[in-house]
Amino acid sequence: MRFSISGYTATSAAGVGLSELRQALAGRRSGLRENDLENCDLGTWIGRVEQINSTELPSEVAHLDGRNNRLAWLALQQDGLLDALVRCVEKFGTHRIGTIMGTSTSSIGRTEEAYRRLDESGRMPPEYRQPEVHNLHSPSILVAQLAGLSGPSMTISTACSSSAKVFSAAARWLQCGLVDAVLVGGADSLCLSTLYGFNSLELVSSEPCRPFDVNRRGINIGEAAGYAIITRFEAGSEATLALIGYGESSDAYHMSHPHPDGLGALAAVDAALARAGLAADEVEYINLHGTASRANDLVETRVLASRFGAETRASSTKGWTGHTLGAAGILEAVITLDAMQTGLIPGTLNCLTVDPDFEFPVQLENRHGRVKYAMSNSFGFGGNNAALVFEALRD
Amino acid sequence: MIEFDICGIGAWSERFANAEELVAGLESGLWPDSVSLQPELIPPRERRRAPQFVKMAVEVMQQACRMAGMEPNRPATVFASQMSDMETTDNICRVLAESPRLVSPTRFHNSVHNAAVGYWSIATASHAPANAIAAFELSSSIALLEAAAQLAVERTPVLVVVQDAAPPVPFEYICPGAATFAAALLIAPPGASARALVRCRLTTSPTEADWPDLPPRSPDGLAGNASARILPLLAAALTPFSGEVNLSFPVAPRLSLQLRLQRETC
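Keep in mind that this is a model prediction, so the values were computed, not measured.

Help me out: how do you make sense of the overall build of chain B in this one?
A count of helices and strands for chain B gives 8 helices and 8 strands. For a compact globule of 266 residues, the expected C-alpha radius of gyration is about 18 Å, and chain B comes in at 18 Å, within 12% of that figure. The dimensions of chain B, computed from C-alpha atoms along their principal axes, are 65 × 40 × 35 Å. Burial status across chain B gives 62% buried among its 266 residues. Considering only contacts in chain B between residues 6 or more positions apart, those separated by 24 or more positions represent 73%. With an accessible surface of roughly 9,900 Å², chain B has 48% of that area assigned to carbon and sulfur atoms. Seen as two clouds, the 20 positive and the 26 negative side-chain charges of chain B have centres 5 Å apart.

This is the structure:
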């Protein structure tokens, strides 16, 4: 299988759009900050996107207002993506372009606000009565309308693998001929549900997250949105990047702990390699899930050690962005694609002493080099795993 | 065109416990006042921790596999809901509006949209891919589309679940008067299962479609439930007909999904 990626962008605490992201990665400048989210006093660090505060939705979608949709809109305006979508519409027609977004919590932040203001009979006040906001599909509704796309539209919500799985769903829709192009993406914004929820599971770190460090103390929650445009591969096209494999699996183990041997993660990685027709040692870079939780990082290095050799560089970029949950799949797919495009292969931030229990050497320093094949891994609650394989299409 | 067999159907609401009771009720128009929910697949200890929304899904998923005579760990799963688990959302948002904000860790992990397929994979030891999707009012038709695409490309049986619950007060304005409804369809590539109910041919066409009417003697409250819009498909697959049945469902503003149902014998 081979599908062209004809445009991509991401916005996170590490920057609005690709140019800021590249500068943060190259300069090893983390976007994490001490928690200063309004109305939240948890002692942790977060990956907050400052510019959301100055972002307003266009008037035709004012009824969709909320932090998550503002973030989705901010990200959609970067890197010429809207122009690329206009060209797509001209080529294929608007009803032939699908929209598939991933999110774990959608606009729940807006729902939380409404619940602080319920009236005496327990109803949301009028300004919060937004049917198309208080549901998981909200980011897809917003994006399809603003990009002028009228093909089928779907939101995937499988916790932290949500916006990795948008790629496999898009590939299938294209292969069946349901659509000719798909805008895939993801958007997840900071909210109390995830901050206090992960805190209740004792997974939130009180300091900047340190993926793969022996002293890692948990995750930092971040927010992000990102997009990619996917079409069927045409010989002679200008596309320089392609999706060539995906794998999806279930752990069948526990709702919030990964399988100790990474059984499900391994199945997803193997399925992605098989679909790409690659041997493990052909993969030159892997962007890891690498959340900095005790369990994830240990299990993930076990998975790496059982398939990959030291020639495969693997790193976690969550020290720059935090764990952006339902947006992690798209954000890290974009970081992986951009590493193939620019030759800057990010290392791992905040990891001072690699955990000696790990059986696989994680890359700490940034490196430069050409990457032909790369992988991005995402693992979510419910034991929901996804792995993606991309190819750089140059001679 | 995507071709598949519907091999098993599960259904649950407070008015029917399974597909058989659904068919009987649609014939007689008589419905019991309440129906219990005790999915056998979830061990008793887990049953206490699992929310009603998860139990409903696991129950109808098991019913569909049983009817099809298929091992429950074989099909990929696609779960869909317009509003997801509103009871869990309501609880978490209430706790967050109070001080201190003591979110229950179990509630939190149950709040993910893929909770039901997560519990299912654990209960059945299934490593198959599990998807959880939403598409607002089109959730059930998009779920069918997604399941069919997965079946066609991966050549795998797919267990698709669509369900929505009755809303707590703050969400009532979104789905007023909606009653709880859950349904599962096990679809398989043509001929892959010995026990097919009907063969379906799925196509899309660039036309507007209205939802098909609910069966005339449907229980109250299902008109307001986005997931119950799949009921005409369930009814057609479960009741005898000769020739063929054609159904269309909207999947986008100017795109409809056409289903042509035929008995497998022809």
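What exactly am I supposed to notice about the side chain of S293 of chain A here?
Within the element layout of this structure, S293 of chain A appears in the loop between β11 (285-287) and α9 (294-307). For S293 of chain A, the residues in contact, after removing those within four places along its chain, are L203, R216, G218 and I219 of chain A.

Quick question: what am I supposed to make of unusual backbone geometry here?
Only a minority of non-glycine residues have a phi that is not negative, and only a minority of peptide bonds are not trans. Between S99 of chain B and the following residue, P100 of chain B, the backbone shows a cis peptide bond with an omega angle of -5°. Non-glycine residue D79 of chain A carries a positive phi angle of around 55°. The phi torsion at A159 of chain A lies on the positive side, around 55°, for a residue other than glycine. Mapped onto the elements of the fold, A159 of chain A is located in the loop between β6 (153-156) and α6 (162-176). Residue classification places A159 of chain A among the buried positions, given a relative accessible area of 4%.

Would you explain the sheet that holds strand β3 (residues 33-34) of chain A in this entry?
Strand pairing in a sheet is mediated by backbone hydrogen bonds. Such pairs are either parallel or antiparallel. Residues and elements named next belong to chain A. A sheet is described by the order of its strands in space; here 3 strands give the open sequence β3-β4-β8, paired in mixed fashion. Strands at the two margins of the open sheet, each flanked by one partner only, are β3 and β8 (221-222). Relative to strand β4 (residues 45-47), β3 is paired through 2 bridges, and the arrangement is antiparallel. Bridge pairing in β4 places E34 opposite W45.

Can you walk me through helix α3 (residues 52-68) of chain B in this structure?
Every α-helix carries 3.6 residues per turn, so stepping three or four residues along brings you back to the same face. Residues and elements named next belong to chain B. A rise of 1.5 Å per residue sets the reference length of α3, with its 17 residues, at 24 Å; its end C-alpha atoms lie 24 Å apart and thus fit the reference within 8%. Counting buried residues in α3 gives 14 out of 17 residues, a clear majority hidden from the surface. Two residues or fewer after α3 comes G69, characterised by a positive phi angle close to 65°.

About the criteria used
- Residue positions are given per chain, counted from 1 along the sequence in the order it is written.
- Here chains are named by letter from A upward and ligands by number from 1 upward, in the order in which they appear as written.
- Side-chain atom pairs in this predicted model are given and counted only at pLDDT of 80 or more, local residue features only at pLDDT of at least 70, and totals for whole chains, interfaces and linings cover all residues.
- The basis for every side-chain value is the complete set of heavy atoms in the structure, and neither hydrogens nor water enter the calculation.
- Helix and strand definitions follow DSSP, with helices as H or I runs of at least four residues and strands as E runs of at least two, each counted in order from the N terminus.
- We compute the radius of gyration from the C-alpha atoms alone; for a globule the expected value is 2.2 Å times N to the 0.38, where N is the number of residues.
- Partly exposed residues are those whose accessible area sits between 20% and 50% of the maximum for their type, while under 20% is buried and over 50% is exposed, using a 1.4 Å probe and protein chains only.
- Every residue pair with non-hydrogen atoms within 4.5 Å of one another is taken to be in contact.
- Accessible surface is estimated by sampling points in the Shrake-Rupley manner with a 1.4 Å probe; for residues, cover comes only from the protein chains shown.
- Positive charges come from Lys and Arg, negative ones from Asp and Glu, while His and the chain ends are left out of the count.
- For the purpose of locating charges, the reference atoms are NZ of Lys, CZ of Arg, CG of Asp and CD of Glu.
- Any two strands with at least two DSSP-identified bridges between them are counted as paired.
- An expected span of 1.5 Å times one less than the residue number is assigned to each helix.

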